[in-house]
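Chains, contacts and geometry: an overview
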Amino acid sequence: MKVIGIIWQSYYNLLYRAAGHVSNVLDVELYSARVLDKDPDRLEKVLDAMEEADLVLLYRSVESFWDMVEKRLAKGIRGHVVCLSHDPAYWTLSTVRPDIVSRAYSYLVINGEANLTNMLKFLATEVLGVSVAYEEPQAVPWEGLYHPKAPHVFHGIEPYCAWYDAYWAERPVKGTVGILFSRHYWVNANTDVEDALIEELERRSLKVISAFAYSVKDDALGTKGSGEVVLEWFMDAEGRSRIDAMVKLISFFLGTRRDRDTVDITRSEVASDGVEILKKLNVPCFSPVTSFYKTVEEWEREELNLDIGWAVALPEFEGVIEPIIIAAQREGDKDTRDRVPILDRVEKLADRIHRWVALRKVPVEERRVAFVLHNNPCASVEATVGAGAHLDTLASVADILQKMRESGYRVEAPESGKALIEEIMAKKAVSEFRWTTVEEIVAKGGALALVDKETYLQWFQELPERTRHRMVEAWGKPPGEWKEGIPPAMVHDGALVITGLRYGHAVVCVQPKRGCAGARCDGQVCKILHDPDVPPPHQYVATYKWLSRVFGAHVLIHVGTHGNLEFLPGKGVGLSAACFPDIGIDTMPHLYIYNADNPPEGTVAKRRSYATLVDHMQTVMTGSGLYEVLSELDRLLTEYEEVKIKDRGRAHALQHIILQEVARTNLDKEIRVKVQGRRRPLCEVSHEEMHGLSFDEVVREIHGKLSLIRNTQIQDGMHIFGRRPEGERRVDFIYSILRYDTGADVSLRREVAQKLGYDLSALLQDPAHIDEHTGKPYGTLLEEVDRVSKSLIRTVLHEQKAAAADRQPF
């Protein structure tokens with residue numbers, strides 16, 4: 001009996017093995033949906049073969065070619081059709097009894113080689129009439145605790161821990177890591193990735209609790225789902241975490257469950273459930289990447305592309321970190337594909353987990369912290385040291401160091417951000433630029449360390465050969481050489497200069513220059529101008545390696561949006577050892593104080609430099625209002641509205657004065673009026689043309705411009721990390737959020753406008769319109785709404801402060 005099967009890749013390998021067990025009964029030809037989707041010629045041959053098959057076995061997935069399959073089925077074929085899918089709607093493509101389809105799906109979803117073998121025997125008997133013995137679907141654990149050295153899978157944490165303690169014996173313990181992976185890989189005996197990761201973690205003296213789970217909680221199947229497994233096995237009865245870090249190898253959200261036969265991973269509350277579980281666990285949660293589309297060789301030469309949505313972006317909604325690729329595919333017999341570990345990336349992940357656990361374990365007084373400020377010397381020399389969007393990075397670092405000292409860290413702290421930048425510039429603790437040479441930097445005390453050639457060569461030799469070749473081509477042999485008229489970067493007496501300031505167990509560095517060398521700034525020494533993909537100089541790599549390997553930073557903190565580490569050459573995501581962000585960050589835990597309103601570039605930092613983003617509050621926004629000259633123009637416009645009917649002489653005089661004020665403020669270049677059917681700037685309208693215009697229309701345009709200015713929100717200083725706005729700045733900050741009307745039922749600005757007798761939508765739609773009751777433009781009335789709204793906020797804050805004071809004990 002001939003069986004043609006088109007199967008989803010996830011089931012293909014096991015079904016291929018199962019088909020070998022029934023070859024004496026059935027002639028089974030299986031095809032991977034993944035392969036057919038990329039090979040139209042082969043698909044056409046398979047469609048033709050379906051015409052002659054006794055049984056067509058399908059697992060309907062989401063590839064584009066399925067429309068062609070369904071069209072061929074609709075024409076009618078000789079044999080029987082059994083169509084399975086996670087969506088029961090597709091079962092209707094079957095031509096056999098529904099109970100047969102349902103039973104076949106049970107075999108498949110419970111999975112396991114024995115069950116899939118019995119599924120084929122069941123279909124042979126019940127559909128094709130072949131007499132062959134088969135067994136009912138056998139129970140296979142939906143979740144369990146796994147270890148490659150264990151004699152069996154454990155179904156409870158206590159038996160697992162008892163076995164593990166005996167297995168671990170007297171070895172030293174530096175922490176415990178929980179691994180959560182998909183049941184699919186365990187049931188398919190494809191755990192090479194998990195086995196490699198467990199081995200590397202244990203080699204670093206980290207104990208492991210490794211659990212597999214069916215990704216979705218399904219009451220009908222009796223599955224706990226991944227979230228419940230985490231809560232039950234990674235936490236103890238008192239709600240304390242058993243682990244110091246977690247590795248999540250499942251892309252599904254931890255809170256995913258099957259309701260009404262659907263799995264909706266797009267609902268925001270599903271991700272929120274997972275976030276709450278991780279908050280309870282309260283440990284770093286790593287989300288390594290498996291490429292489902294690329295072989296290891298393809299990944300090495302290409303970007304991931306199709307993997308990003310499922311393997312990288314989706315997990316990020318739960319706040320997981322460090323998408324380091326650790327697995328890809330390997331082609332096998334026929335259409336089989338196995339997931340295999342990328343061993344050097346597994347080692348990288350294990351090293352980074354080890355450093356994160358050490359950060360958690362090391363006493364506060366022993367922790368070493370490296371701060372890195374950003375710099376763009378090509379923009380304005382010293383002025384860009386410590387630049388950060390909407391953040392006073394210098395004051396922030398000073399405040400953080402002071403708080404660290406109060407918390408027991410053995411650090412010193414500058415008195416203020418001003419003191420910090422003054423010390424940086426006095427000691428020239430920056431990279432060489434324009435008038436500052438490396439000799440001056442060393443002489444004035446800006447060098448944290450000098451890395452000799454031998455030490456740097458040890459680090460340099462760790463890099464892939466092609467990476468070393470690129471750096472030598474650009475900057476010469478280590479530690480740097482004259483190259484095409486460009487001097488070696490930051491080399492003093494044959495050693496690489498690492499710049500920065502030491503504050504006890506903390507250092508503050510300014511990020512090294514990324515694409516140029518030497519103190520000249522004539523465009524000739526700046527390689528990045530001519531080659532945006534140029535590798536960083538040797539001193540750049542040496543700086544980060546020194547922070548990681550010699551200073552021994554337990555954590556590196558980039559301060560402010562944004563630096564250039566995450567934009568160095570290399571892959572977009574799923575970096576290799578040849579990618580410079582991966583080289584730079586080494587194995588240091590990486591915190592990045594980042595502007596919350598820049599998620600696209602923040603995502604780049606997360607994916608390429610393994611940053612854990614620490615969002616900071618935005619700059620306080622306040623109303624710009626009207627400055628002195630514009631206030632006078634506004635007063636003249638108000639007076640004009642009052643007298644234009646009752647005192648035409650004064651109104652005529654005001655027309656000339658108003659136009660003079662508009663010209664004096666240069667608004668005549670921005671205000672446009674309609675002259676002979678075309679809108680032109682007021683400054684281009686002649687005296688004669690002005691007489692032909694309605695002055696009320698001119699006034700309307702002026703009102704519109706003033707309303708735009710007075711209602712514009714502007715920044716009031718820079719935010720300092722950890723400091724909440726106080727006094728009137730707090731009022732401005734709260735109102736800058738509440739003033740935006742989103743159409744919600746509750747809107748402060750809309751409610752206040754209504755109480756004052758105004759329609760907020762009308763005020764916003766036409767700020768230049770003159771209110772017939774007050775004689776004021778709508779823009780001025782908006783300003784009045786803002787004043788009253790701020791007054792309400794001020795009152796609430798005052799009452800809260802008074803209530804808090806009343807609660808204070810005597």
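What counts, and at which threshold
- Residues numbered from 1 in each chain as written.
- Predicted model: local features only at pLDDT ≥ 70, side-chain atom pairs only at ≥ 80, totals over all residues.
- Heavy atoms only, no water.
- Phe/Tyr/Trp six-rings, centres within 6.5 Å; stacked < 30°, edge-to-face > 60°.
- Helix = DSSP H or I, 4+ residues; strand = E, 2+ residues; numbered from the N terminus.
- Lys NZ or Arg CZ within 6 Å of the ring centre and 35° of its normal.
- Axes fitted to C-alpha atoms, helices over the stretch in contact; angles between N-to-C directions.
- Parallel < 35°, antiparallel > 145°, perpendicular 65-115°, else oblique.
- Left-handed = near helix turned anticlockwise from the far one by under 90°.
- Contact = heavy atoms within 4.5 Å.
- Nonpolar A, V, L, I, M, F, W, Y, C, P; charged D, E, K, R; others polar.
- Pairing = 2+ DSSP bridges.
- Polar contact = N/O pair within 3.5 Å; in protein donor to acceptor, adjacent residues only side chain to side chain.
- Buried < 20%, exposed > 50% of the residue type's maximum accessible area, 1.4 Å probe, protein only.
- Salt bridge = Lys/Arg side-chain N within 4 Å of Asp/Glu carboxyl O.

**Comments concerning the packing of aromatic side chains**
The tally for this structure, following the rule as stated, stands at 28 aromatic pairs. Between Tyr164 and Trp168, the ring centres sit 5.8 Å apart and the planes meet at 15°, which makes this aromatic pair stacked. Of this pair, Tyr164 and Trp168 both sit in helix α7 (residues 157-168), separated by 4 residues, roughly a single helical turn. Both rings, one in Tyr592 and one in Tyr594, keep their centres 4.9 Å apart while their planes meet at 80°; by these two values the pair is edge-to-face. Members of the aromatic cluster, connected to one another through ring pairs, are Phe154, Tyr160, Trp163, Tyr164, Tyr167 and Trp168. The lysine or arginine in question, Arg171, covers the ring of Tyr167, its NZ or CZ lying 4.9 Å from the ring centre. The ring of Trp168 carries the charged tip of Arg171 above its face, separated from the ring centre by 3.9 Å.

**Considering the packing of helix α3 (residues 40-50) against helix α4 (residues 66-74)**
Angle between the axes and distance between the axes: these two values describe a pair of packed helices. Where α3 contacts α4, the two axes come as close as 11 Å, and the packing angle between them is 25°. When the axes of α3 and α4 are compared, the pair comes out roughly parallel. Judged by the twist between their axes, the crossing of α3 over α4 is right-handed. Residues Leu43, Glu44, Leu47, Asp48 and Met50 of α3 form the contact with α4, whose participating residues are Met68, Val69, Arg72 and Leu73. Grouping the constituent residues of the contact of α3 with α4 by class yields 6 nonpolar, no polar and 3 charged.

**Looking at the sheet that holds strand β19 (residues 555-559)**
Reading across the sheet, the 6 strands line up as β17-β18-β13-β19-β20-β21 and stay open at both edges, with mixed pairing between neighbours. With one partner strand each, in any of the chains shown, β17 (501-503) and β21 (612-616) form the two edges of the open sheet. Each strand of the sheet is rotated relative to its neighbour by a mean of 20°, with strand direction disregarded. Inspection of the sheet shows β17 paired to strand β18 (residues 506-510) by 3 bridges, in the antiparallel sense.

**Some details on unusual backbone geometry**
Of note, the bond from Pro478 into Pro479 is cis; its omega dihedral lies within 30 degrees of zero at 0°. Among the structural elements, Pro479 can be located in the loop between α20 (465-475) and β15 (491-492). Of the consecutive residues Thr561 and His562, the connecting peptide bond is found in the cis state with omega at -10°. Here His562 is to be found in the loop between β19 and α23 (580-585).

**Looking at the sheet that holds β15**
Reading across the sheet, the 3 strands line up as β14-β16-β15 and stay open at both edges, with antiparallel pairing between neighbours. Two strands bound the open sheet, and with one partner strand each, they are β14 (447-451) and β15. With 4 bridges joining them, β14 and strand β16 (residues 495-499) adopt antiparallel strand pairing. Bridge pairing in β16 places Ala449 opposite Ile498. Against the sheet, helix α22 (residues 538-550) engages β14 and β16, with an angle of about 60° to β16.

**Section: the side chain of His505**
As for its position among the elements, His505 is in the loop between β17 and β18. Looking at His505, its side chain comes within polar contact range of the main-chain oxygen of Glu365, at 3.3 Å. Apart from residues no more than four positions distant in its own chain, His505 is found in contact with Glu365, Glu366, Arg367, Arg368, Val369, Arg410, Val411 and Phe551.

**A few points about the pairing of β19**
In terms of residue burial, β19 counts as a mostly covered element, since 5 of its 5 residues are buried. Of the two faces of β19, the one lined by Val555, Ile557 and Val559 and the one lined by Leu556 and His558 are each fully buried. Both strand β13 (residues 369-373) and β19 contribute to a ladder of 5 bridges, which runs parallel. Looking across to β19, one finds that Phe371 is bridged to Ile557. Where β19 lies against strand β20 (residues 590-595), 4 bridges are found, and the strand directions are parallel. Bridge pairing in β20 links His558 to Tyr592.

**Topic: the pattern of salt bridges**
Taken as a whole and judged by the stated rule, the model has 57 salt bridges. Ionic pairing is found between Asp99 and Arg97, a salt bridge with its closest N-O pair at 3.0 Å. Overall, Arg97 belongs to the partly exposed group, its relative accessible area being 46%. Close ionic contact of Lys224 with Glu232 constitutes a salt bridge, the shortest N to O distance being 2.9 Å. Among the residues examined, Glu232 registers a relative accessible area of 35% and is labelled partly exposed. One connected set of salt bridges, linked through shared partners, spans Glu199, Glu200, Arg203, Arg204 and Asp351.

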